Amino acid sequence: MKLNNVNPQAQELIDSLKNSDKIRVLFVCLGNICRSPAAEGVMRRIVAEAGMEERFEIDSAGTGRYHIGQLPDNRMRIHARRRGLELTHRCRQVCEADFERFDIIVGMDDSNLANLRRVSPSPEGDAKIVPMAAFVDVAMRYDYIPDPYYEGAEGFELVLDLLQNACDNLFHALA
């Protein structure tokens, strides 16, 4: 699958993971309470519906340490629950070890991507960082996943729509 908005190195990473027995995906946002745990939940459901839970390891983390140990934001949990998703992830901060453990690290916006590059311990780690927007259909008209934290209900619904689209495309790119 040819991705939009992604550099050739990231496309090469996606292509190299297609035939892997195990694919480890880490979703990352700022606080790990809205976008990344929602992406984790959406991707888990997609993988489960395809019967491929054994092939994928899915987690999420934040670049900040503001909410470590907390559940995702209650508003995100409510909106996700309306879509049949239970977000039970406990917030954690991304660390250097994640660049060894995960095959692909998906950042929600440019700020998250820059923060991930600062945490990355090596060029090999940098090569695992991919923007979530690379998987969003062009017709959705978003080149990043906006943070809904200071938005109303519409912001959470928009993010869940974008994540559903992006995770569907990511899964099909990898599966």
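For the structure itself, look to the data block above.
Remember, it's a predicted structure, so these values are computed and weren't measured experimentally.

A.B. asks: Looking at this model, I keep getting lost on the overall build of the protein chain. Mind explaining?
C.D. replies: A count of helical and extended segments in the protein chain gives 7 helices and 4 strands. Scaling as 2.2 N^0.38, a compact globule of 175 residues should have a C-alpha radius of gyration of about 16 Å, and the protein chain matches this with 15 Å. Principal-axis analysis of the C-alpha atoms places the extent of the protein chain at approximately 40 × 30 × 30 Å. Per-residue burial over the protein chain gives 52% buried out of 175 residues. By sequence separation, contacts in the protein chain at least 24 residues apart represent 75% of the contacts at least 6 residues apart. Of the accessible surface of the protein chain, which amounts to about 8,300 Å², a share of 47% is contributed by carbon and sulfur atoms. Distance between charge centroids for the protein chain: 3 Å, based on 21 positive and 27 negative side chains.

A.B. asks: Hey, could you run me through the nonpolar core in this one?
C.D. replies: As a rule of thumb, nonpolar side chains are buried together in soluble globular proteins. Formed by 43 residues in total, the largest nonpolar core has its most connected members in Phe27, Ile104, Met132, Phe135 and Leu170. Secondary structure elements with two or more residues in this core: helix H1 (8–17), strand E1 (23–29), helix H2 (35–49), strand E2 (56–62), helix H3 (74–82), strand E3 (104–107) and helix H7 (153–174). Tallying contributions element by element places H7 first for this core, with 11 residues. Ranked by size, the runner-up nonpolar core spans 10 residues in total, among them Ala61, Val94, Phe99 and Ile105.

A.B. asks: Looking at this structure, I do not really get the pairing of E2. What am I missing?
C.D. replies: One face of the sheet, then the other: side chains in a regular strand alternate in exactly this way. Among the 7 residues that make up E2, 7 are buried, leaving the element largely enclosed by the rest of the structure. Of the two faces of E2, both are covered, the one formed by Phe56, Ile58, Ser60 and Gly62 as well as the one formed by Glu57, Asp59 and Ala61. Here E1 runs beside E2; their pairing, made up of 7 bridges, is parallel. What sits directly across from Val25, in E2, is Ile58. What joins E1 to E2 is H2, and the crossover it makes is right-handed.

A.B. asks: Just checking my understanding: could you explain the packing of H2 against H7 for this structure?
C.D. replies: Between two packed helices, what matters for the description is the angle formed by their axes and the separation of those axes. Direction vectors running N to C along H2 and H7 enclose 45°, while the axes themselves pass 9 Å from each other. In terms of their interaxial angle, H2 and H7 are classed as oblique. Relative to H7, H2 is oriented so that their crossing is right-handed. From H2, Arg35, Ala38, Ala39, Val42, Met43, Arg45, Ile46 and Val47 reach across to H7, where they touch Val159, Leu160, Leu163, Gln164, Cys167, Asp168, Leu170 and Phe171.

A.B. asks: Explain the packing of aromatic side chains to me, please; I cannot follow it from the model alone.
C.D. replies: The geometry of an aromatic ring pair comes down to the distance between the two centres and the angle between the two planes. Evaluation of the coordinates by the stated rule reveals 3 aromatic pairs. Taking the centre distance of 5.7 Å and the plane angle of 40° together, the rings of Phe56 and Phe171 count as tilted. Linking Phe56 in strand E2 with Phe171 in helix H7, this pair joins segments that are 115 residues apart in sequence. The ring of Tyr149 has Arg75 sitting right over it, with the charged end atom 5.1 Å from the ring centre.

A.B. asks: What is the right way to read H3 from this model?
C.D. replies: Buried residues of H3: Met76, Arg77, His79 and Ala80, and no others. Buried residues along H3 sit against H2 and H7. If you check the start of H3, you find a side-chain oxygen 2.8 Å away from the backbone N of Arg75, and it comes from Asp73. Gly84 occupies a position one or two residues after H3 and carries a positive phi of about 85°.

A.B. asks: Please explain the sheet that holds E1 as it appears in this structure.
C.D. replies: Through backbone hydrogen bonds, the strands of a sheet pair up, either in parallel or in antiparallel fashion. Taken in spatial order, the 4 strands line up as E2-E1-E3-E4 in an open sheet, and their pairing is parallel. Where the open sheet ends on each side, the last strands, each with one partner, are E2 and strand E4 (129–131). Averaged over all neighbouring strand pairs, the angle between strand axes comes to 25°, with direction disregarded. In the sheet, E1 pairs with E3 via 4 bridges, with the strands oriented parallel. From the neighbouring strand, Phe27 faces E3, where its bridge partner is Val106. On top of the sheet, helix H5 (residues 110–119) reaches E1, E3 and E4; it is set at about 175° to E4, its chief contact.

Each value, and the rule that gives it
Residues numbered from 1 in each chain as written. Predicted model: local features only at pLDDT ≥ 70, side-chain atom pairs only at ≥ 80, totals over all residues. Heavy atoms only, no water. Helix = DSSP H or I, 4+ residues; strand = E, 2+ residues; numbered from the N terminus. Rg over C-alpha atoms; globule rule 2.2 N^0.38 Å. Buried < 20%, exposed > 50% of the residue type's maximum accessible area, 1.4 Å probe, protein only. Contact = heavy atoms within 4.5 Å. Areas by Shrake-Rupley, 256 points an atom, 1.4 Å probe, with all protein chains shown as cover. Lys, Arg positive; Asp, Glu negative; His and termini not counted. Charge placed at Lys NZ, Arg CZ, Asp CG, Glu CD. Core = buried A, V, L, I, M, F, W, Y, C linked by side-chain atoms within 4.5 Å. Pairing = 2+ DSSP bridges. Right-handed = clockwise from strand over helix to strand, strands pointing away. Axes fitted to C-alpha atoms, helices over the stretch in contact; angles between N-to-C directions. Parallel < 35°, antiparallel > 145°, perpendicular 65-115°, else oblique. Left-handed = near helix turned anticlockwise from the far one by under 90°. Phe/Tyr/Trp six-rings, centres within 6.5 Å; stacked < 30°, edge-to-face > 60°. Lys NZ or Arg CZ within 6 Å of the ring centre and 35° of its normal. Polar contact = N/O pair within 3.5 Å; in protein donor to acceptor, adjacent residues only side chain to side chain.

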